[in-house]
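An overview of the molecular structure
One-letter residues, chain by chain:
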Amino acid sequence: MKIGVPKEIKDLEFRVGLTPAGVEALTARSHQVFIETNAGLGSGFSDEEYIEAGAKIVATPQEVYAQEMVIKVKEPLPSEYPLLHPHLILFAYLHLAADRQLTEALIKSGATCIAYETVQLDNGQLPLLVPMSIIAGRLSVQFGAHYLTKQQGGSGVLLGGIPGVRSGHVVVLGGGVVGTEAARMAIGLGARVTILDINLTRLSELESLFGSRVQLLYSNASNISEVVISADLVIGAVLITGKRAPTLVNRELVRQMRSHSVIVDVAVDQGGCIETVCPTSHTQPIYEEEGVLHYGVPNMPGAVPWTATQALVNATLPYALALADLGLDALKYDHALAKGVNIQNGKIVYPAVAELFLGC
């Protein structure tokens, strides 16, 4: 199979769809890989390294998208829509529930579009989302702590406090992978941490993991209101696979938060779970709304591309190899990969996305 890997064009997105090691695994099976020049530089990989692994370097995205499969990190942007075609397999993060324009463009293209975030094992695990969720969860607290500093417009709270001065309060909405990693980082900094989730079994698991170091609450409107008002940092970590995130914190509640506290909504790529959060970018990551700083960068792991690219390709490569070896026949043999198909033959085939856009 002929496989293209473009240079990512989302704002300050330095990850890349394949590492040289990934290229070597594909070329060892006689597949051809076409890498757009300098696509890997942001992750620390030179064109020369890709050439040594067996890739061909091409000058333009048009040459990349002319292949049979494109492996990339983030969803295509409008300038890339015309490059999509009916004979293409697109393998990337898509997050269609929050983007009607992209969804319509992918339908129009006729391409088979497989979303990393909906590839799902029988046990419910999302193997291609987990590594980026771990990174985003950890970064959410790092960024939150940074923007709490007075020089960044925050309230001036040190999350870990010091003896004689209370530590900061971090509220985590959602106890999945993102929420767990956010809590782990916040605990490590010495913050007071509250996690809310609607899954009682998950709350029990978190108790076994963190013990008395966190406060664990059932996620309902009353509990959310009580803890958000007292929070210095709120982390949105809600995920419903393939669906738009529910709004858990409305504008009125944000208005009652501590002045110049910080919200980091990791769920923003699925629409966000906090009403006042809008997507931002690495270039302009924050804005102030209702006296609270909001961080809504949807591609947070792009800030640490050396780590994130390798972690992502470790997870995606087995599926990429299956698609390269078997083409779309791979979907017949791998049910997890088949669940990743969101759009095919000009139709939405992933139920949650179809329900949102088609009402069925």
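To keep things clear, this report deals only with the structure shown in the data block. (Residues numbered from 1 in each chain as written. Predicted model: local features only at pLDDT ≥ 70, side-chain atom pairs only at ≥ 80, totals over all residues. Heavy atoms only, no water.)

Quick word on the packing of helix α6 (residues 177-189) against helix α7 (residues 200-210)
This is how it is decided: Axis lines are fitted to C-alpha atoms, over the contacting stretch for helices. Their N-to-C directions set the angle, which ranges from 0 to 180 degrees. Secondary structure elements follow DSSP: runs of H or I of four or more residues count as helices, runs of E of two or more count as strands, with numbering from the N terminus. Orientation categories follow fixed angle ranges, with anything under 35 degrees roughly parallel, anything over 145 roughly antiparallel, 65 to 115 roughly perpendicular, and all other angles oblique. Definitions for this section: a left-handed crossing has its near helix turned counterclockwise from the far helix by less than a right angle. A right-handed crossing has that turn clockwise. The contact definition used throughout considers only heavy atoms, calling two residues in contact when any of these lie within 4.5 Å. Classification convention: Asp, Glu, Lys, Arg as charged; Ala, Val, Leu, Ile, Met, Phe, Trp, Tyr, Cys, Pro as nonpolar; all other residues, Gly among them, as polar.
Interaxial distance between α6 and α7 falls to 12 Å at its minimum, and their mutual angle equals 30°. Between α6 and α7, the interaxial angle falls into the category roughly parallel. As for how α6 packs across α7, the hand of that crossing is right-handed. Residues Thr180, Ala183, Arg184 and Ile187 of α6 form the contact with α7, whose own contacting residues are Arg202, Leu206, Leu209 and Phe210. A per-class count over the contact of α6 with α7 returns five nonpolar, one polar and two charged.

A closer look at the pattern of salt bridges
Pairing is possible between side chains of opposite charge, provided their charged atoms come close. Applied cut-off: A side-chain nitrogen of Lys or Arg and a carboxyl oxygen of Asp or Glu constitute a salt bridge if their distance falls within 4 Å. Only protein chains enter the accessibility calculation, which uses a 1.4 Å probe; a residue whose area is less than 20% of its type maximum is buried, one above 50% is exposed, and one in between is partly exposed.
As enumerated under the stated definition, the model contains 16 salt bridges in all. For Lys72, the salt bridge goes to Glu8, with nearest N and O atoms at 3.1 Å. Placement of the pair is Lys72 in the loop between β4 (69-71) and β5 (89-92) and Glu8 in the loop between β1 (2-5) and α1 (20-27), with a sequence separation of 64 residues. Each member of the pair, Lys72 as well as Glu8, is classed as buried. Salt-bridge contacts for Arg166 lead to Asp232; the nearest nitrogen and oxygen are separated by 3.6 Å. Residue Arg166 is found in the loop between α5 (130-147) and β7 (169-173), and its partner Asp232 is found in the loop between α8 (221-229) and β10 (233-236); the two are separated by 66 residues along the sequence. For Arg166, a relative accessible area of 44% puts it in the partly exposed group. On the basis of relative accessible area, Asp232 is assigned to the buried category, the value being 0%. Among the charged side chains, a network of salt bridges with common partners joins Arg251, Glu252, Arg255, Glu289 and Glu290.

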